[in-house]
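Here are the chains, one letter per residue:
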Amino acid sequence: GARADMSWPRQLERMLNESSGDVRWEVLNCGICGSSTAQEMLLYREVVARYQPDIVLCGFFVGNDLTDNSRQLSNNPRIYFDLDPSGQLVQLPYSASRRMLSAWLNRHSRFYVWQRTAISRARHRMDGTLGVMNPGDWVFSSQESPEIAHAWDISAALLKQFCQEVESRGSLFAVVLIPSATSVCDDCFQVVAERAGSQAAQLQQDYPEQRLEAICRKAHIPYW
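One structure accompanies this document, and this report is about it.

Below, the discussion takes up the side chain of Gln-202. For Gln-202, the position within the fold is in the loop between helix H8 (186-196) and helix H9 (207-218). Only 2.5 Å separates the side chain of Gln-202 from the side chain of Ser-141, close enough to count as a polar contact. Ignoring sequence-local partners within four residues, the contact set of Gln-202 consists of Trp-138, Phe-140, Ser-141, Ser-142 and Gln-143.

Okay, here's the thing in structure tokens:
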């Protein structure tokens, strides 16, 4: 893994302190690997808000945050939200027993960890062989399926709610796009396009950036 002093929160802290004269900045890295936008919002609500930050930056990772925000597209044991008929966020029931079982197996069963990793790798290899896109690759599709469109709607509602909670406590909120390899590497994007086959024409390498920027603009959320 990368050294702690090379992480982007540490580099941001260094850049701010080098350019702010006598003002000293402290950047807290509250990111947790595998977290969805919903989990980040709840982490802020239950823990981070106690530190009374001046600014809260929410990173949105192109690689999997869209699918992680939708129970239709992800089956990992986490907290999910959906939208009711009026478009309001509703927290879905959480299976504590499923989460506990998964955590116990992760800690105590090497076979469980091995087979989960092996199945995931085999699925990715099969997807490439059969010309089928991985679920996360659909973030680049400008012609959204109902499931992908719904995931974007959930993500938009989560970011809006997150922003409102932060601003209600007197802090500033902003969204930072974190690119995936596919969104910055032409060769990686070409692999995804090849998997898409006849649907490759609907893929745009910068589509996630455009979509997220539009969401933030509509909700009046600063975006980088």
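The rest of the description comes next.
With that out of the way, let us pick up the pattern of salt bridges. Applying the stated criterion across every chain yields a total of seven salt bridges. In this structure, Arg-45 engages Glu-165 in a salt bridge whose closest nitrogen and oxygen atoms are separated by 2.5 Å. Here the residue Arg-45 occupies a position in helix H2 (residues 37-46), and Glu-165 occupies one in helix H6 (residues 146-168), the gap between them amounting to 120 residues. Ionic pairing is found between Glu-213 and Arg-217, a salt bridge with its closest N-O pair at 4.0 Å. In this pair, Glu-213 and Arg-217 both sit in helix H9, four residues apart, roughly one turn of the helix. The class for Glu-213 is partly exposed, based on a relative accessible area of 35%. For Arg-217, a relative accessible area of 53% translates into the label exposed.

As for its position among the elements, Ser-155 is in helix H6. Among all residues touching Ser-155, those that are not within four sequence positions of it are Phe-60, Leu-66 and Asn-69.

Turning to the pairing of strand E4 (residues 172-178), a few remarks are in order. Buried residues dominate E4, accounting for five of its seven residues. One ladder, built from seven bridges, connects strand E1 (residues 55-61) with E4; its direction is parallel. Along E4, the bridge assignment pairs Cys-58 with Val-175.

In this fold, Cys-58 is placed in strand E1. Each residue touching Cys-58, except ones within four places of it in the same chain, is listed here: Thr-37, Glu-40, Leu-159, Phe-162, Phe-173, Ala-174, Val-175 and Val-176.

This next bit is on a nonpolar patch on the surface. The grouping of Trp-8, Val-23, Trp-25, Ile-55, Leu-57, Leu-172 and Trp-224 at the surface amounts to a nonpolar patch, some 730 Å² of accessible area in total. Topologically, Leu-172 is positioned in strand E4. Judged by relative accessible area, Leu-172 falls into the exposed class, the value being 54%.

Moving on to the packing of H6 against H9. At their nearest, the axes of H6 and H9 sit 10 Å apart, and the two run at 45° to each other. The orientation of H6 with respect to H9, classified from their angle, is oblique. The two elements H6 and H9 cross, and the hand of that crossing is right-handed. On the side of H6, the interface is formed by Ala-149, Trp-152, Asp-153, Ala-156 and Leu-159, while H9 contributes Tyr-207, Pro-208, Arg-211, Leu-212 and Ile-215. Considering only residue class, the contact of H6 with H9 consists of eight nonpolar, no polar and two charged.

Cut-offs used in this document
Residues numbered from 1 in each chain as written. Predicted model: local features only at pLDDT ≥ 70, side-chain atom pairs only at ≥ 80, totals over all residues. Heavy atoms only, no water. Helix = DSSP H or I, 4+ residues; strand = E, 2+ residues; numbered from the N terminus. Polar contact = N/O pair within 3.5 Å; in protein donor to acceptor, adjacent residues only side chain to side chain. Contact = heavy atoms within 4.5 Å. Salt bridge = Lys/Arg side-chain N within 4 Å of Asp/Glu carboxyl O. Buried < 20%, exposed > 50% of the residue type's maximum accessible area, 1.4 Å probe, protein only. Pairing = 2+ DSSP bridges. Patch = residues over 30% accessible without salt bridge, like charges linked within 9 Å, V, L, I, M, F, W, Y side chains within 5 Å. Areas by Shrake-Rupley, 256 points an atom, 1.4 Å probe, with all protein chains shown as cover. Axes fitted to C-alpha atoms, helices over the stretch in contact; angles between N-to-C directions. Parallel < 35°, antiparallel > 145°, perpendicular 65-115°, else oblique. Left-handed = near helix turned anticlockwise from the far one by under 90°. Nonpolar A, V, L, I, M, F, W, Y, C, P; charged D, E, K, R; others polar.

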